[in-house]
Amino acid sequence: MHGAGNDYIYVDTMRYPISDPSALAIQWSDRHQGIGSDGLVLIGVSTVPEADFSMRIFNADGSEAMMCGNASRCIGKYLYERGLTSKTSIRLLTLSGIKTLLLHVSNGIVDSVTVDMLEPTLEDDRLYQPTAGLDEGTFVSMGNPHYVIFTDDVDIVEKKGRILEHHLAFPERCNIEFAQILSDGSIRTRVWERGSGITCACGTGACATAVAAVLTGRAGRQSDIVMDGGTLHIEWNEQDQHVYMTGPAAFVFDGEIDTNIHS
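Residues numbered from 1 in each chain as written. Predicted model: local features only at pLDDT ≥ 70, side-chain atom pairs only at ≥ 80, totals over all residues. Heavy atoms only, no water.

Student: How do you make sense of the pattern of salt bridges when you look at a structure like this?
Tutor: When the charged atoms of two side chains with opposite charge come close together, those side chains can pair. Applying the stated criterion across every chain yields a total of 16 salt bridges. Across the salt bridge formed by arginine 173 and aspartate 61, the nearest N and O atoms sit 3.4 Å from each other. Placement of the pair is arginine 173 in the loop between helix H3 (157–165) and strand E12 (175–181) and aspartate 61 in the loop between strand E5 (53–59) and strand E6 (64–65), with a sequence separation of 112 residues. Residue arginine 173 is classed as partly exposed on the basis of its relative accessible area, which comes to 22%. According to the relative accessible area criterion, aspartate 61 is partly exposed, its value standing at 35%. Where arginine 190 meets glutamate 158, a salt bridge forms, and the shortest distance between an N and an O atom there is 2.8 Å. In this pair, arginine 190 sits in strand E13 (residues 187–193) while glutamate 158 sits in helix H3, placing the two residues 32 residues apart along the sequence. Under the relative-accessibility criterion, arginine 190 is labelled buried at 10%. (Salt bridge = Lys/Arg side-chain N within 4 Å of Asp/Glu carboxyl O. Helix = DSSP H or I, 4+ residues; strand = E, 2+ residues; numbered from the N terminus. Buried < 20%, exposed > 50% of the residue type's maximum accessible area, 1.4 Å probe, protein only.)

Okay, here's the thing in structure tokens:
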């Protein structure tokens, strides 16, 4: 499945348990010798009564991520269209808390999903330690760390993304966004995802970009974030301070793989 081009392999672990998701994420994500993806997402039961289902996500390098907005939208579409739930409001347990998915359904098809991404965190000593030599930007945590740099050349992500991901300012590495305000008020953004490299879209990155644009006086509370794979609508609500992300989700193909071949 993919959300605005951010593509992951999804496994329903309620039917097909995965014993070593980190290793499989590396093998399966290889775009030349595997299936090809930005990573592996596991859909499972919730371990707490406050949530309906759970999500774990492993990047293409095998590292486990805390949250992925695009993946959460895809999970909502999967659960509803595959008959695992009839709810149009789903509570999803992630490593960064419980996210509520609001499904926009037409004739049994999930057209788009709005995710309550909760409140952003602007200071986190575990994830961000300002230091000399770092490009000027804005740190925003959406449950995972992001550093947003406004520029007239978003393609610089290809040169500087990897370097900044591993910068000393980020003890646990970081997702890096390069963003530009366009003439129509939308925000063109390219992203380097921690553990995956350049991706077509990043839901938490879009949220972080919108928050950073508000904080630096570049945009209002609602923004369209134009990424390589599509556009996400982000609202940083003034009443509850939650960030709401709305965007598409799509199936690409279904398949079967024998894990014994790759073990």
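Back to the text.
Student: When you look at the side chain of aspartate 116 in this model, what are you seeing that I'm missing?
Tutor: Within the secondary structure layout, aspartate 116 lies in strand E9 (residues 109–116). Buried within the structure, aspartate 116 lacks any salt-bridge partner; its nearest side chain of opposite charge belongs to lysine 99, at an N-O separation of 7.3 Å. From its side chain, aspartate 116 meets the backbone nitrogen of leucine 118 in a polar contact 2.9 Å long. Residues within four places of aspartate 116 in sequence aside, it is in contact with Lys99, Thr100, His242, Val243 and Tyr244. (Lys, Arg positive; Asp, Glu negative; His and termini not counted. Polar contact = N/O pair within 3.5 Å; in protein donor to acceptor, adjacent residues only side chain to side chain. Contact = heavy atoms within 4.5 Å.)

Student: Teacher, can you tell me more about the nonpolar core here?
Tutor: In summary, soluble globular proteins display a tendency toward joint burial of nonpolar side chains. If you look at the biggest cluster of nonpolar residues, it comprises 50 residues, and the most contacted ones within it are Tyr10 and Ile234. A total of 8 residues in this core trace back to one element, the largest contributor, which is helix H4 (residues 203–215). Among the nonpolar cores identified, the runner-up in size contains 15 residues, and Leu127, Tyr147, Ile149 and Cys174 belong to it. (Core = buried A, V, L, I, M, F, W, Y, C linked by side-chain atoms within 4.5 Å.)

Student: What should I look at first to understand the state of the cysteines in this one?
Tutor: In protein structure, a disulfide is the covalent linkage between the sulfur atoms of two cysteines. Taken as a whole, this structure holds 0 disulfides when the rule is applied. Cysteine 200 forms no disulfide, and the closest cysteine sulfur to it belongs to cysteine 202, at a distance of 12 Å. Look at cysteine 200 and you get partly exposed, because its relative accessible area is 35%. For cysteine 202, a relative accessible area of 3% gives the class buried. (Disulfide = S-S within 2.5 Å.)

Student: Where do I start with the side chain of glutamate 177 in this structure?
Tutor: With respect to the secondary-structure elements, glutamate 177 resides in strand E12. Although glutamate 177 is buried, it forms no salt bridge, and the closest oppositely charged side chain is arginine 194 at an N-O distance of 10 Å. Beyond its immediate stretch of four places on either side in the chain, glutamate 177 contacts His146, Tyr147, Val148, Ile149, Thr189, Arg190, Val191, Gly205 and Thr209.

Student: Is there a simple way to explain the environment of aspartate 224 in this structure?
Tutor: With respect to the secondary-structure elements, aspartate 224 resides in strand E15 (residues 222–227). Separated by 75 residues in the primary sequence, aspartate 224 and isoleucine 149 have C-alpha atoms spaced 17 Å apart. Setting aside its immediate chain neighbours within four residues, aspartate 224 contacts Ser186, Ile187, Thr231, Leu232 and His233. Only 2.9 Å separates the side chain of aspartate 224 from the side chain of histidine 233, close enough to count as a polar contact.

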